[in-house]
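# Remarks on the overall topology
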Amino acid sequence: MAATSRALSALRLDAFPSLLPAFAASVRLNSNRAAVSHLRRQLYGRLYPILLVKTDGSTVRLRYKEPKRILMLPLDSSTLPEAERKARLRRQFPSRPKAGPEETFEGIDLSTYKRFWKK
């Protein structure tokens, strides 16, 4: 057993550094590799359970590639009645608040704040 392991270690390229090309880097195939670099993936490795809400309000449970809780489908505003479409637009883009009257110091009794003044 020991003889075969010695023979196999002699066949490895890193046992002979002169045989390795100059640009070859050592490869760590252990748990420390993940701590040094991150995985460059475009997609997640698993599918996550989510709740899909359709435009009519019905819900469906399915599995999705990103970890989300709820996924809502967009609503087509051209199929809505005119009143409901305007109400949704008003909720989405509220009007600017109106400017109130400016506060003046005429109604303030200054004697109540006299104790805070420095002498």
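Before reading further, recall that the structure is shown in the block above.
Model, not experiment: these values are computed from the prediction.

## Quick word on the overall build of the protein chain
- The helix and strand inventory of the protein chain stands at three helices and three strands.
- Listing the helices and strands of the protein chain from first to last along the sequence gives α-α-β-β-β-α.
- Looking at the protein chain as shown, the accessible area adds up to about 12200 Å², and 57% of this sits on carbon and sulfur atoms.

## Details of the pattern of salt bridges
- Applying the stated criterion across every chain, the model contains three salt bridges.
- K68 serves as the salt-bridge partner of E66, at 3.9 Å between the closest nitrogen and oxygen.
- The exposure class of K68 is partly exposed, given its relative accessible area of 36%.
- E82 serves as the salt-bridge partner of R85, at 2.6 Å between the closest nitrogen and oxygen. Residue R85 and its partner E82 are located together in helix α3 (residues 82-92), separated by three residues, close to a single helical turn.
- Relative accessible area serves as the criterion here: at 27%, R85 is assigned to the partly exposed category.

## Let's talk about the sheet that holds strand β3 (residues 70-72)
- An order of β2-β1-β3 is seen for the three strands of this open sheet, with the pairing classed as mixed. The open sheet has two free edges, formed respectively by β2 (59-64) and β3, since each of these has just one partner strand. Each adjacent strand pair in this sheet contributes to an overall mean axis angle of 35°, direction not counted.
- For strand β1 (residues 48-53) and β2, the ladder comprises six bridges, and the chain directions are antiparallel. Following the sheet pairing, I50 is matched in β2 by L62.

## Some points on a nonpolar patch on the surface
- Together, F105, I108, L110, Y113, F116 and W117 make up an exposed nonpolar region whose accessible area comes to about 740 Å².
- Note that I108 resides in the segment after α3.
- The class for I108 is partly exposed, based on a relative accessible area of 38%.

## Concerning the pairing of β1
- With three bridges connecting them, β1 and β3 associate as parallel partners. Bridging across to β3, L51 finds its partner in I70.

Scoring rules and cut-offs
- Residues numbered from 1 in each chain as written.
- Predicted model: local features only at pLDDT ≥ 70, side-chain atom pairs only at ≥ 80, totals over all residues.
- Heavy atoms only, no water.
- Helix = DSSP H or I, 4+ residues; strand = E, 2+ residues; numbered from the N terminus.
- Areas by Shrake-Rupley, 256 points an atom, 1.4 Å probe, with all protein chains shown as cover.
- Salt bridge = Lys/Arg side-chain N within 4 Å of Asp/Glu carboxyl O.
- Buried < 20%, exposed > 50% of the residue type's maximum accessible area, 1.4 Å probe, protein only.
- Pairing = 2+ DSSP bridges.
- Axes fitted to C-alpha atoms, helices over the stretch in contact; angles between N-to-C directions.
- Patch = residues over 30% accessible without salt bridge, like charges linked within 9 Å, V, L, I, M, F, W, Y side chains within 5 Å.

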